Amino acid sequence: MTAAPTLHTDRLTLRHHRLEDFEPMATHFATDWAQYMGGPLGQEKMWLWLAAEVGSWSLLGHGSWAVDLTATGETIGQVGINKPVHFPEVEIGWLLYPGFEGHGYAFEAATAARAWAFENGHDTLVSYIDPPNARSIALAERLGAVLDKDADKPDPDDLVYRHNRRAA
Amino acid sequence: MTVTFSAPRLETERLILRAPEIGDQDVHAAFFMSERAKFVGGPTTAERAWRLLALEVGHWVLRGFGRWALEEKATGKFVGIVGNYHPVGFPEDELGWDLFDGATGKGYATEAALAARAYAYDTLGWTTLTSMIDPANTASAAVATRLGAAYDYDFTHEHFGPVQIWRHPGPDTAQRPTYYRSLP
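Residues numbered from 1 in each chain as written. Chains lettered and ligands numbered in written order. Predicted model: local features only at pLDDT ≥ 70, side-chain atom pairs only at ≥ 80, totals over all residues. Heavy atoms only, no water.

**Some words on the overall build of chain B**
Tallying secondary structure elements over chain B gives four helices and 10 strands in all. Along the chain direction, N to C, the helices and strands of chain B fall in the order β-β-β-α-α-β-β-β-α-β-α-β-β-β. For chain B, whose C-alpha radius of gyration is 15 Å, the value lies close to the compact-globule estimate of 16 Å for 184 residues. Each principal axis of the C-alpha atoms in chain B carries an extent, and together these give about 40 × 35 × 35 Å. Considering chain B as a whole, with its 184 residues, one finds that 55% of them fall into the buried category. Within chain B, counting contacts between residues at least 6 apart in sequence, those at least 24 apart form 63% of the total. Here chain B contributes 17 positively and 22 negatively charged side chains, and the mean placements of these two sets differ by 4 Å. (Helix = DSSP H or I, 4+ residues; strand = E, 2+ residues; numbered from the N terminus. Rg over C-alpha atoms; globule rule 2.2 N^0.38 Å. Buried < 20%, exposed > 50% of the residue type's maximum accessible area, 1.4 Å probe, protein only. Contact = heavy atoms within 4.5 Å. Lys, Arg positive; Asp, Glu negative; His and termini not counted. Charge placed at Lys NZ, Arg CZ, Asp CG, Glu CD.)

**Section: the nonpolar core**
Judged by nonpolar contacts, the single largest core of 67 residues is most densely connected at Leu14(A), Trp65(A) and Trp94(A). By size, the runner-up hydrophobic cluster in this structure holds 35 residues, among which are Leu15(B), Trp68(B), Ala120(B) and Leu147(B). (Core = buried A, V, L, I, M, F, W, Y, C linked by side-chain atoms within 4.5 Å.)

**Quick notes on the interface of chain A and chain B**
How big an interface is tends to be reported as the loss of accessible area on association of its parts. With 31 residues of chain A in contact, the opposing surface of chain B contributes 33 residues. Carbon and sulfur atoms supply 72% of the area buried between chain A and chain B, which totals about 2900 Å² over both sides. Scanning the region where chain A abuts chain B turns up one salt bridge. A salt bridge links Arg48(B) to Glu44(A); the nearest nitrogen and oxygen atoms lie 2.8 Å apart. In this assembly, chain A and chain B are joined by five residue pairs in polar contact (both at pLDDT 80 or more). Listing elements by their share of the side of chain A that touches chain B, those giving two or more residues are strand 1 (2-3) and helix 2 (43-60) of chain A. The leading source of residues in the side of chain A that touches chain B is helix 2 of chain A, at 15 residues. (Buried area = accessible area lost by both parts, 1.4 Å probe. Salt bridge = Lys/Arg side-chain N within 4 Å of Asp/Glu carboxyl O. Polar contact = N/O pair within 3.5 Å; in protein donor to acceptor, adjacent residues only side chain to side chain.)

**Quick word on the packing of helix 1 (residues 22-29) of chain A against helix 2 of chain A**
Residues and elements named next belong to chain A. In the contact formed by helix 1 and helix 2, the axes pass within 10 Å of each other and the chain directions differ by 125°. By the angle between their directions, the pair helix 1 and helix 2 is classed as oblique. The handedness of the crossing between helix 1 and helix 2 comes out as right-handed. Contacts between helix 1 and helix 2 pair Phe22, Glu23, Met25, Ala26 and Phe29 from the former with Gln43, Met46, Trp47 and Leu50 from the latter. Classifying every residue of the contact of helix 1 with helix 2 by side-chain character gives seven nonpolar, one polar and one charged. (Axes fitted to C-alpha atoms, helices over the stretch in contact; angles between N-to-C directions. Parallel < 35°, antiparallel > 145°, perpendicular 65-115°, else oblique. Left-handed = near helix turned anticlockwise from the far one by under 90°. Nonpolar A, V, L, I, M, F, W, Y, C, P; charged D, E, K, R; others polar.)

**A few points about the packing of helix 1 (residues 25-32) of chain B against helix 2 (residues 46-63) of chain B**
Residues and elements named next belong to chain B. Where helix 1 contacts helix 2, the axes come no closer than 9 Å and their chain directions differ by 125°. Considered as vectors, helix 1 and helix 2 are oriented oblique to each other. Pair helix 1 / helix 2 crosses with right-handed handedness. Listed contacts from helix 2 to Gln25, His28, Ala29 and Phe32 of helix 1 are Ala49, Trp50, Leu52 and Leu53. For the contact of helix 1 with helix 2, the class distribution of residues is six nonpolar, two polar and no charged.

**Brief notes about the pairing of strand 2 (residues 9-12) of chain B**
All names here are of chain B. Inspection of the sheet shows strand 2 paired to strand 10 (residues 180-183) by four bridges, in the antiparallel sense. Paired with Glu11 across the two strands is Arg181, which belongs to strand 10. Alignment of strand 2 against strand 3 (residues 15-18), held across two bridges, turns out to be antiparallel. The residue bridging Glu11 from the neighbouring strand is Ile16, located in strand 3. Between strand 2 and strand 3, which pair antiparallel one after the other, the connecting turn spans two residues. (Pairing = 2+ DSSP bridges.)

**Re the pattern of salt bridges**
Opposite charge on two side chains allows them to pair when their charged atoms are near. All names here are of chain B. Under the definition given, this model contains 22 salt bridges over all chains. Among the salt bridges present, the one from Lys73 reaches Glu11, with a minimum N-O distance of 2.9 Å. With Lys73 in the loop between strand 4 (67-72) and strand 5 (78-85) and Glu11 in strand 2, this pair connects stretches of sequence that are 62 residues apart. For Glu71, the salt bridge goes to Arg18, with nearest N and O atoms at 2.4 Å. One end of the pair, Glu71, is in strand 4; the other, Arg18, is in strand 3, and 53 residues separate them in sequence. The exposure class assigned to Glu71 is partly exposed, which follows from its relative accessible area of 22%.

As structure tokens, then:
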């Protein structure tokens, strides 16, 4: 079985998930902080989501990484290249835990994950974003992704931002 | 750097126990999206079925143990999932079994569970095991009884609702399989 490859950026380490990632993630996902990411989620569903994104690496060759601050080892969020069966396309998604926004960490992590995907056989990725999630929309645009009004989506209300290999 | 993990391959008289694979997806989803899965949280959506399969693999990576896909030796068919399981939300380590359409009534759940239990006791060094069973699931209770387990206590699970927790005999007294071995 395969786990996520370790990636390094200037300030971050993207690594495969470990069991101890569960508790902090479940704590945040149990609150309204998770409202744009399918939450709030209970423990049972959180485990289903996290363990599935870990198992995805073996089944599909891509999945999620935990994002650590390299300097301190602190885990600040997650970035993932995922395609659960109800997603029409492979998605790049990101999340930062409360208190870590505003430092460019999500941009840095998503740039590394996207570069990894483009080097590993993906020519295009999408990001499904809830319309009120202005912070995520701003990040998608900063990443150079473009709103794709014709793309299929898992939820009719989602916005679809498209990342193309040649443009990145 | 790529990190890899492995699940041992086990062999019993009639089955190979191996890590779940992407090729298992259709058979797995067909079961969990059907009425046959009514005692194990189903019928589920396609989304939940996918996550349940991926979870089986992620469980091995996160916990270092997990459930195996059962392959019928005679046909190579993927017929069920059995093994040592502890998703968050379960009260204790559990021995679980799900047998798909056409694979029930042959003793496969018992055969595979005996091997998985022997692995838990003799290789992982566990000292006890439980099985979570829907009170209406008489077929599963019959398997548990054949394995020597007995009802222990009631539990309410976040997704399954009210269930029974059955306890297996410990390492000293639990029956071992007549034949099982690790494959290279």
